[in-house]
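# Structural description and commentary
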Amino acid sequence: MKIVVQVKLMPEADQAPALSATLHAVNDAANWVSAVAFAHGVPREYELRKHTYAELKTRGLGAQAAQHTIKKVRDAYTTLKANIRAGNLGSNSSRRRTKAESKPITFRPQAAHPFDDRCLSWQYDAQTVSIWTTAGRIKNIRFGCGADALKTLREHRKGESDLIERDGVFYLIAVCEIPEAPVNEHPDGWLGVDLGIVNIATVDGMRPFNGRGLNRHRKRQLELRRKLQAKGTQSARRRLKHRRRKEQRHAANVNHIISKKIVGGFRGFQ
């Protein structure tokens, strides 16, 4: 079973610009590769490599970075094709599908980019990484994570890791392959959970977990965003940027707390 572990990078003042420039460079190159792929009818990865690899090398990308850029673009078109086939973008004549098929796929400047073991190495004891950048190899970049996450990385990390920049902060998302837990053929019992909006979760024998507090929080956040947007000052824009995804994180935390209470309560019943 594959899971991901996210760690926060804490680069020094002279290391952060190199990481940011690297992400911008590889995603700008990915946009160019996407345009080439679109012009050639999205060929297979090997054929796309013949059209783009030499140019990517002249742009300053290393061999592995160039390969991963081409693969990232090809995978994006594969995902788009799968979504169209599954009907996720609507019917043949829908505006959303027409828009998606009429132009090349584009990548944000801070979009995630994969790194394999040739261009990224982990030092678990020191909690640092060494990573390839367009400015050369940078060593001893510190990262932070919990003890359980570090143990999972040390014992199960395998394959590629994605570098991503979010609100000026860098993260590494590592793939870990852990053995699957044995299937319990004879469970002691089962628990039914009714999910909803008024009541987030309703479980037999437990007090309903209502969403009144979460809805009040959402309404309060919406009103605050409206006031800041109407104010329009530099300070208000700074506060809006600071509060980005805060409501999402709060909702995820509430759901996590409810899940732990339900599981803990179920174990107490047994």
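Structure report, in brief. Given the structure is predicted, the values throughout are model-derived calculations rather than measurements.

### Focus on the side chain of T22
Take T22: it is sitting in helix 1 (residues 16-39). Under the relative-accessibility criterion, T22 is labelled buried at 1%. At a separation of 2.7 Å, a polar atom in the side chain of T22 contacts the main-chain carbonyl oxygen of A18. Ignoring any residue separated from it by four or fewer positions in sequence, one finds T22 in contact with F115, W132, T133 and T134.

### Let's talk about the pairing of strand 6 (residues 157-166)
When strand 2 (residues 113-115) meets strand 6, the two strands line up antiparallel, connected through 3 bridges. Looking across to strand 6, one finds that H113 is bridged to L163.

### Quick look at the packing of aromatic side chains
In total, this model carries 2 aromatic pairs according to the counting rule given. Between W122 and Y124, the ring centres sit 6.2 Å apart and the planes meet at 20 degrees, which makes this aromatic pair stacked. Assigned by exposure class, W122 and Y124 land together as buried. For the ring pair W122 and F143, a centre distance of 5.4 Å and an interplane angle of 75 degrees mean the geometry is edge-to-face. With a gap of 21 residues between them, W122 in strand 3 (residues 120-123) and F143 in strand 5 (residues 136-144) connect regions that are remote in the sequence. With relative accessibility at 11%, the residue W122 sits in the buried group. Under the relative-accessibility criterion, F143 is labelled buried at 2%. Here a set of aromatic residues connected by ring pairs shows up, and it is made of W122, Y124 and F143.

### Section: the packing of helix 1 against helix 2 (residues 45-58)
Interhelical geometry of helix 1 versus helix 2 gives an angle of 150 degrees and a closest axis separation of 10 Å. Helix 2 is crossed by helix 1, and the crossing has right-handed handedness. Along its contact with helix 1, which presents A29, W32, V33, V36 and A37, the element helix 2 presents L48, H51, T52, E55 and L56.

### Examining the pairing of strand 1 (residues 2-10)
Note that strand 1 and strand 7 (residues 169-177) share 7 bridges and pair antiparallel. Directly across from V4, in strand 7, lies its bridge partner V175. Alignment of strand 1 against strand 5, held across 3 bridges, turns out to be antiparallel. Within strand 5, the position partnered with M10 by the bridge is R142.

### Observations concerning the layout of surface pockets
Quantified by volume, the largest pocket comes out at close to 330 Å³. Along the walls of the largest pocket sit Q6, R166, D167, V169, Y171, K241, H242, R244, R245, Q248 and R249, which together make up its complete lining. Every element with two or more residues in the lining of the largest pocket is listed here: strand 7, helix 7 (234-242) and helix 8 (246-269). Classifying every residue of the lining of the largest pocket gives 2 nonpolar, 3 polar and 6 charged.

Rules used in this analysis
Residues numbered from 1 in each chain as written. Predicted model: local features only at pLDDT ≥ 70, side-chain atom pairs only at ≥ 80, totals over all residues. Heavy atoms only, no water. Helix = DSSP H or I, 4+ residues; strand = E, 2+ residues; numbered from the N terminus. Buried < 20%, exposed > 50% of the residue type's maximum accessible area, 1.4 Å probe, protein only. Polar contact = N/O pair within 3.5 Å; in protein donor to acceptor, adjacent residues only side chain to side chain. Contact = heavy atoms within 4.5 Å. Pairing = 2+ DSSP bridges. Phe/Tyr/Trp six-rings, centres within 6.5 Å; stacked < 30°, edge-to-face > 60°. Axes fitted to C-alpha atoms, helices over the stretch in contact; angles between N-to-C directions. Left-handed = near helix turned anticlockwise from the far one by under 90°. 1 Å grid on protein atoms, 1.4 Å probe; cavity = no way out; pocket = protein on both sides within 12 Å on 5 of 7 lines; lining within 4 Å. Points joined across faces, edges and corners; volume = space filled by probe spheres on them. Nonpolar A, V, L, I, M, F, W, Y, C, P; charged D, E, K, R; others polar.

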